[in-house]
Amino acid sequence: MAKVHNFSAGPCILPQEVFKEASQSVLDFDNLGLSILEISHRSENFVRVMEEARELVKELLNIPKGYTVLFLQGGASTGFLMAPYNLLTENGTAGYMNTGTWSTKAIKEAKKMGNVDVIVSSEDENFKYIPKDIQIPSGLDYVHYTANNTIYGTQYKKLPQTDNFLVCDMSSDIFSRPVTINAYDIIYAGAQKNIGPAGTTMYIVNEEVFNKSGRDIPSMLDFEVHHKKDSMFNTPSVFAVYATMLNLRYMKANGGVEAMKKKAQERSEMIYNEIDENPLFEGYANKEDRSSMNATFTLTDESYKEKFDKLWKEANINGIKGHRSVGGYRASMYNALPIESVEALVNVMKKLRS
């Protein structure tokens, strides 16, 4: 079968080595004569998987003491609710920075819990930029932002400065660049972009946030409950955590986060250079705010659409159709995407103008 270049926004590409080992374990895990899909999550074999996955996260991101790493269910969408449940007091206020669809959804969930101050928003230009020179007020229960906006192709380049608790949705750029962990109090990330397959969500939580809201928190939404149970309060997503562990091993063996950052820069520079030099294409996001994970672009002349679509499909390129909120095209370039795939897309773009 011809190689398919997978630019899907998620679930997305993972390394072939991870697929191969995971597929073998579907048949026989740890020589147990049992599949990874059927072993007990309480077995010593899987407990070791969970422990290794959590320890690899700590190692790869240099997580200091006082933080817990959790693998839970519910996707980042549950994280939208867990943040206010654990941090927003009955009479307090949470501050949100709105830079796209996912932060808009997070704001919606937080408003169900209490007072929300939308500190800044780029909705006025359909989220094509990241607000600058943000003045964050003191006295908030916490501040929330989304690091990378998959739909619009924008990304925060600087850490917001605040003396409040800081919460970040890093679903689509975690492990693609170093993170100053002690600047944050809650980081959450759906696995299906840079971590592993869909089905689990990674949380990095400062233990100081436990019981900060003063609320009666449902057990499934209480970070302290999951911390005390080592991510095993209920049955975890066994296969998703296992495949995530394999992918974390892969990242460690291939240079860690610094190597992932270098590759992300190479991929994004290659495609943005073509977008800027090719008169048939125009980038959507403001240049200074462009994402290294999701390049969004449109045709300057829609009469070329049929030809371009034919060319990229013939080149075995998959997943570059833009989101309906933006239109055009979106090339998602997560950690496992080889540079050869970006070269294939750029060659098609060059061919269109030749």
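Further up the page is the structure itself.
Before going into details, it helps to say that this report is about the structure given with it.

Each value, and the rule that gives it
- Residues numbered from 1 in each chain as written.
- Predicted model: local features only at pLDDT ≥ 70, side-chain atom pairs only at ≥ 80, totals over all residues.
- Heavy atoms only, no water.
- Helix = DSSP H or I, 4+ residues; strand = E, 2+ residues; numbered from the N terminus.
- Rg over C-alpha atoms; globule rule 2.2 N^0.38 Å.
- Buried < 20%, exposed > 50% of the residue type's maximum accessible area, 1.4 Å probe, protein only.
- Contact = heavy atoms within 4.5 Å.
- Areas by Shrake-Rupley, 256 points an atom, 1.4 Å probe, with all protein chains shown as cover.
- Lys, Arg positive; Asp, Glu negative; His and termini not counted.
- Charge placed at Lys NZ, Arg CZ, Asp CG, Glu CD.
- Phe/Tyr/Trp six-rings, centres within 6.5 Å; stacked < 30°, edge-to-face > 60°.
- Lys NZ or Arg CZ within 6 Å of the ring centre and 35° of its normal.
- Pairing = 2+ DSSP bridges.
- Axes fitted to C-alpha atoms, helices over the stretch in contact; angles between N-to-C directions.
- Left-handed = near helix turned anticlockwise from the far one by under 90°.
- Nonpolar A, V, L, I, M, F, W, Y, C, P; charged D, E, K, R; others polar.
- Core = buried A, V, L, I, M, F, W, Y, C linked by side-chain atoms within 4.5 Å.
- Salt bridge = Lys/Arg side-chain N within 4 Å of Asp/Glu carboxyl O.
- Polar contact = N/O pair within 3.5 Å; in protein donor to acceptor, adjacent residues only side chain to side chain.
- Right-handed = clockwise from strand over helix to strand, strands pointing away.

### Concerning the overall build of the chain
A tally of helices and strands in the chain yields nine helices and 14 strands. Taking 20 Å as the expected radius of gyration for a compact globule of 354 residues, we find that the chain reaches 21 Å, a close match to that expectation. Overall size of the chain, expressed as C-alpha extent along the three principal axes, is 60 × 55 × 30 Å. Of all 354 residues assigned to the chain, the portion counted as buried reaches 56%. At a minimum sequence separation of 6, the contacts of the chain that also span at least 24 residues come to 68%. Within the structure as shown, the chain displays about 15600 Å² of accessible surface, and the carbon and sulfur contribution to it stands at 47%. In the chain, 39 positive and 44 negative side-chain charges are present, and the distance between their average locations comes to 4 Å.

### Some words on the packing of aromatic side chains
Under the counting rule described, the total for this entry stands at 13 aromatic pairs. Linked through ring pairs, Phe 80, Tyr 188, Tyr 203 and Phe 223 together constitute an aromatic cluster. Sitting over the face of the ring of Tyr 284, Lys 128 holds its NZ or CZ atom 5.0 Å from the ring centroid. For the cation-ring pair, Lys 313 lies above Trp 312, with the distance from its terminal atom to the ring centre recorded as 5.6 Å.

### Side note on the sheet that holds strand 4 (residues 115–121)
Spatially, the seven strands line up as an open sheet ordered 2-10-9-8-5-3-4, and their pairing is mixed. Each edge of the sheet is formed by a strand with only one pairing partner; in this case those strands are strand 2 (67–72) and strand 4. The mean angle between the axes of side-by-side strands here comes to 15°, regardless of whether they run parallel or antiparallel. Pairing geometry for strand 2 and strand 10 (residues 201–206), over six bridges, is antiparallel. Looking at the pairing, Tyr 67 lines up with Asn 206 of strand 10. Sheet strands in contact with helix 2 (residues 44–60) are strand 2 and strand 10, and its direction is about 130° off that of strand 2. Packing against the sheet, helix 4 (residues 101–111) makes contact with strand 3 (93–98), strand 4, strand 5 (142–146) and strand 8 (166–169), and its axis sits at approximately 165° to strand 3.

### Topic: the packing of helix 8 (residues 305–314) against helix 9 (residues 339–353)
Contact geometry of helix 8 with helix 9 gives a least axis separation of 10 Å together with a crossing angle of 145°. Crossing handedness for the pair helix 8 and helix 9: right-handed. On the side of helix 8, the interface is formed by Lys 307, Phe 308, Leu 311 and Trp 312, while helix 9 contributes Leu 345, Val 348, Met 349, Lys 351 and Leu 352. Residues of the contact of helix 8 with helix 9, tallied by class, amount to seven nonpolar, no polar and two charged.

### Description of the nonpolar core
The biggest cluster of nonpolar side chains holds 52 residues, and the ones touching the most others in it are Val 57, Phe 175 and Ile 204. Beyond its immediate sequence surroundings of up to four residues, Phe 175 is in contact with Val 57, Leu 60, Leu 61, Ile 195, Met 202, Leu 248, Met 251, Val 257, Met 260 and Asn 335. Leu 87, Val 167, Val 209 and Phe 223 belong to the second-largest nonpolar core, a separate cluster that totals 26 residues.

### A closer look at the pattern of salt bridges
The final tally for this structure, using the stated rule, is 16 salt bridges. Notably, a salt bridge pairs Lys 112 with Glu 109, separated by 3.4 Å at the nearest N-O pair. You can call Lys 112 exposed: its relative accessible area is 57%. Note that Lys 350 and Glu 274 form a salt bridge whose closest N and O atoms lie 3.0 Å from each other. Of this pair, Lys 350 sits in helix 9 while Glu 274 sits in helix 7 (residues 256–277), placing them 76 residues apart in sequence.

### So, the side chain of Asn 194
Note on placement: Asn 194 falls in the loop between strand 9 (186–190) and strand 10. Residue Asn 194 is classed as buried on the basis of its relative accessible area of 3%. In terms of polar contacts, Asn 194 uses its side chain to reach the backbone amide nitrogen of Asn 335, at 2.8 Å. When residues no more than four places from it in sequence are discounted, the contact partners of Asn 194 are Ser 172, Asp 173, Ile 174, Ser 176, Asn 247, Met 251, Met 293, Tyr 334 and Asn 335.

### Some thoughts on the pairing of strand 3
Counting buried residues in strand 3 gives five out of six residues, a clear majority hidden from the surface. With six bridges joining them, strand 3 and strand 4 adopt parallel strand pairing. Counted as the bridge partner of Thr 93 is Asn 115 from strand 4. Once you follow strand 3 into helix 4 and on to strand 4, the crossover reads as right-handed.

### Here's the deal with unusual backbone geometry
Trans peptide bonds make up the majority, and among non-glycine residues the majority have a negative phi. A cis geometry characterises the amide bond from Gly 10 onward to Pro 11, with omega recorded as -5°. A positive phi is found at Asn 126, a non-glycine position, where the angle reads about 50°. By the secondary structure assignment, Asn 126 is in the loop between strand 4 and strand 5. You will see that Phe 175, though not glycine, has its phi angle at about 70°, which is positive. Structurally, Phe 175 can be placed in the loop between strand 8 and strand 9. Residue classification places Phe 175 among the buried residues on the basis of a relative accessible area of 0%.

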